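# Per-entry structural report
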Amino acid sequence: MQKYFFIKSFLSGLLFLTFIGLLIPIPDPLFDHPSATVLESREGQLLGARIATDGQWRFPPLDSLPDNYVKCLLEFEDRHFYHHPGINPFSIARAVRQNIKAKKIVSGGSTITMQISRMAMGNKSRTIAQKLIEMWLSLRIELKYSKTEILMLYAHNAPFGGNVVGISAAAWRYYGRSPHHLSWAEAANLAVLPNAPGLAFPGKNEIKLLGKRNRVLSELAKDAIIDKTTYRLSLAEALPSKPKKLPAITPHLLDRCIKDGLAQKTIISTIDNSTQNIVNEVVNAHYIIYKFKHIHNAAAIVADIESGEVLAYVGNVATDRKMDHGQHVDIINSRRSPGSLLKPILYALTIDHGLITPYQLLPDIPVFYQGFAPQNFDKQFKGAVPANQALRSSLNVPFVSLLKDYGYEKFHHELSHMGLKSLDKPASHYGLSIILGGGEVTLWEMAGLYAGMVRNLQSFNRNKGENRYQTNDFRPLSYVISNDDPDVVRIADSRISASATWHMLKAMQELRRPDAESNWQQFSNSKSIAWKTGTSYGHKDAWAVGLNSKYVVGVWIGNADGEGRPDLVGVSAAAPLMFRIFETLDGDAIFQMPVADMALMKICKQSGSKASKICPDTEVLPIAKNVSSTAACNHHQIIHLDETNTFKVNSICYPIQKMNIVPWFILPPAQAWYYKKFNANYAEPPDYLSGCAPQANEIMEMIYPKKFTKVFVPIEIDGQQGKVVFEAAHRNPETKVFWFLDDQYVGETKQIHQMGLFPSTGRHQLSLVDDKGRELSVVFEAINDRKF
């Protein structure tokens, strides 16, 4: 009786200890190892990966395991997996028998769950005590996790040789494909590999590995899991060689993912694998040409306009192992000077605010704004240029004058709200130079901004009723697939009207292609594109942004370290690359006119402004509704001629009843002086009849300086005061103009009215008198370095 009581007490104690043991919590998570960062295309193709911080290729867990791998794994490791609680007594008994017979440990009888326990505990030495602990942990694992979850734990943490851990990393490293695309032979090979990864893995002891794989395939065939044909074909498959290099198709985007807080995750990107590979090839082929010109970096981005999803992301050219030229720098996300890329935006905004018509003449003459003296790329001035032509020719001076009228503070505010967050300094920091690249932006932002402009137009044309715009038209591009539907709210007004956007895109479509693409019309697959280039000061950055109705393409060429090169010109360096990328894309630049936001307006053909009552030659054109508030043409003026239409007259010198009243196209003197060089049909008003003296400001105009301007006087290397060049314009270039500084005669000019003077610091008066006695004066202040 005492014996039975002892046995009963022992069993009760054992059951109690077992119950207590099962209540003891196990680590959560069971495996706390770092993962690699994995980037995939929208189709699931691997674009690149960064190794885990512990030096292991351990990919983040999959959502599911491939069925063929699971069947191979259970056939090889644990055929009774679904029928035991984590411990298989029959397997343990068989292992004990084999070990006794062999007089050494040749089998552990471990289930898949027990192998997980062993891995979770750090693969400690095999002892009876350790085995008991693993058995206890296996029971706890089976209580906590489902059978599917247990298989996932094993597959993602099993060793596959070297520093390869988990089925995902193994599939890519050994076969260069996703686990879900493995053949039966490949799945069988990966099922047996963790059994002894140190003894048998690809490239080492391959006969032993092949034997294990084929035994699994044989059992699958016997159980009719695979048919005979599949079995024979699987046996014929060779083992993989040494681990393959992982793809590095978008290395800069992968780096960006990590910086954006997506490390140790599998990122399903918006990248289209085919588009990415094509753009990679095009960019690198273009780079090969330019590296011999000491231009070492290039970047390109392609995005779908409607969704805003990035389809290709080339942050820089492929790394050159021999030379480090900053190829690791992600140019797409780097701040650079955009040159002229913001001119179309200003063009659209000024139309939207009724400041100009698309065809209105803008001044193109030398200007000086607080020491800022912009120049056109060709160093010439055309006097006056239609706004759309100024955009097509990317003239600097007209757009600086336009920004002055619009307000750089307002422009900076609008750009910030339309997505250019890189312009994070106060507007005063940039001033008027912002329109010429005085502020740094990213290629990512610029592509997103132009995509937003097209979306804005397309929303208006697609939606009906009063609320035709959408709140999310201007939004950043995206590179991660999102299953969340954005909250789209339709609104009545946008940051910019659809009609102004349409005028902008129309002007951008009329740009001439670069010389290298001058025969583009001959290409059967050439498409219509709206595009713009930019060249930064010092030839450090060459940009091109292009649009059709489906895609935006952004391109940058230059040196990551900021070194300027004379060949870095947007139209010749960046634009050809942009066009070659567009040749690989479908779609045309078909931008539907937003009829509901347009109005017919009578336009003066000569000035491009809204026609006044005296404009003699007009045409009716569809114009943005907001332009109706713009000022009427002021270039056509009524002049009074004598009865022979030979001389101008006035009531002081000529009978009113004999005067002929004629509307005449008249530009200000400075504009006229440059304008007539390029426009032979421009006719100056006739001279005044003798005795009918005109006002001086009708005949002469000071170009530099303007009234009350501060003039900077340079100090030369020898410490002496330098020369300042002053300039004026006269309607009649043949007229002599006499120059006086503070009433002291300093010289005369004819045709080109420029005079180099040496004013001392302080306030001065400059006076000009032509040979008819007409006088023009301006007061200015001379300053130099010594005053700062």
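Here is a short report on the structure shown in this document.

Calculation rules
Residues numbered from 1 in each chain as written. Predicted model: local features only at pLDDT ≥ 70, side-chain atom pairs only at ≥ 80, totals over all residues. Heavy atoms only, no water. Salt bridge = Lys/Arg side-chain N within 4 Å of Asp/Glu carboxyl O. Helix = DSSP H or I, 4+ residues; strand = E, 2+ residues; numbered from the N terminus. Buried < 20%, exposed > 50% of the residue type's maximum accessible area, 1.4 Å probe, protein only. Core = buried A, V, L, I, M, F, W, Y, C linked by side-chain atoms within 4.5 Å. Contact = heavy atoms within 4.5 Å. Pairing = 2+ DSSP bridges. Axes fitted to C-alpha atoms, helices over the stretch in contact; angles between N-to-C directions. Disulfide = S-S within 2.5 Å.

### Description of the pattern of salt bridges
Any two side chains of opposite charge can pair if their charged atoms end up close together. For the structure shown, the criterion picks out 25 salt bridges. Between Asp255 and Arg50 there is a salt bridge; the shortest N-O distance is 2.8 Å. Residue Asp255 is found in helix α11 (residues 251-259), and its partner Arg50 is found in strand β2 (residues 46-50); the two are separated by 205 residues along the sequence. Taking relative accessible area as the criterion, Asp255 reaches 27% and is therefore assigned partly exposed. The partner of Asp67 in a salt bridge is Lys71, with the nearest N and O atoms 2.7 Å apart. You can see Asp67 and its partner Lys71 sitting in helix α2 (residues 67-77), four residues apart, about one turn around the helix. Residue Asp67 is classed as partly exposed on the basis of its relative accessible area of 48%.

### Re the nonpolar core
Among the nonpolar cores identified, the biggest contains 96 residues, and Ile345, Phe411 and Leu547 are the most heavily contacted of them. Looking at which element gives the most residues to this core, the answer is helix α18 (residues 443-462), with 11 residues. Each residue touching Ile345, except ones within four places of it in the same chain, is listed here: Phe411, Leu415, Met418, Leu449, Tyr450, Met453 and Met504. Of all hydrophobic cores here, the second largest spans 52 residues; its members include Ala49, Phe81, Leu153 and Val192.

### Examining the sheet that holds strand β7 (residues 310-314)
With antiparallel pairing, the five strands of this open sheet are ordered in space as β7-β6-β14-β13-β12. Either end of the sheet is taken by a strand with one partner, and the two such strands are β7 and β12 (530-535). Each neighbouring strand pair of the sheet contributes to a mean axis angle of 10°, computed without reference to strand direction. Pairing geometry for strand β6 (residues 297-304) and β7, over four bridges, is antiparallel. Of the residues in β7, the one forming a bridge with Val302 is Ala312. Where helix α19 (residues 498-509) meets the sheet, it contacts β12 and β13 (541-547), and its direction lies at approximately 75° from that of β12. Each of β6, β12, β13 and β14 (551-558) touches helix α20 (residues 570-582); the most contacted strand, β13, lies at about 35° to it.

### Looking at the sheet that holds strand β1 (residues 37-40)
Strand order in the open sheet made by the three strands is β2-β1-β5, with mixed pairing throughout. Of all the strands in the sheet, just β2 and β5 (266-268) have a single pairing partner and so form its edges. Mean inter-strand twist for the sheet, computed between neighbouring axes without regard to direction, equals 15°. Pairing of β1 with β2, which is carried by four bridges, proceeds in the antiparallel orientation. Paired with Val38 across the bridge in β2 is Ala49.

### As for the state of the cysteines
Across all of its chains, the model carries one disulfide by this definition. Sulfur of Cys615: no disulfide; nearest cysteine sulfur belongs to Cys604 and is 3.4 Å away.

### Quick look at the side chain of Thr735
On the secondary structure map, Thr735 appears in the loop between β21 (724-730) and β22 (736-741). According to the relative accessible area criterion, Thr735 is buried, its value standing at 5%. When neighbours within four sequence positions are excluded, Thr735 is seen to be in contact with His730, Thr749, Lys750, His753, Asp770 and Asp771.

### A closer look at unusual backbone geometry
Across the junction of Tyr704 and Pro705, the peptide omega takes the value 5°, indicating a cis bond. Residue placement: Pro705 occurs in the loop between β19 (700-704) and β20 (709-712). You will see that Lys379, though not glycine, has its phi angle at about 65°, which is positive. Mapped onto the secondary structure, Lys379 falls in the loop between β8 (361-364) and β9 (383-386). Notably, Asp742 is not glycine yet its phi reads approximately 55°, a positive angle. In this structure, Asp742 sits in the loop between β22 and β23 (744-750).

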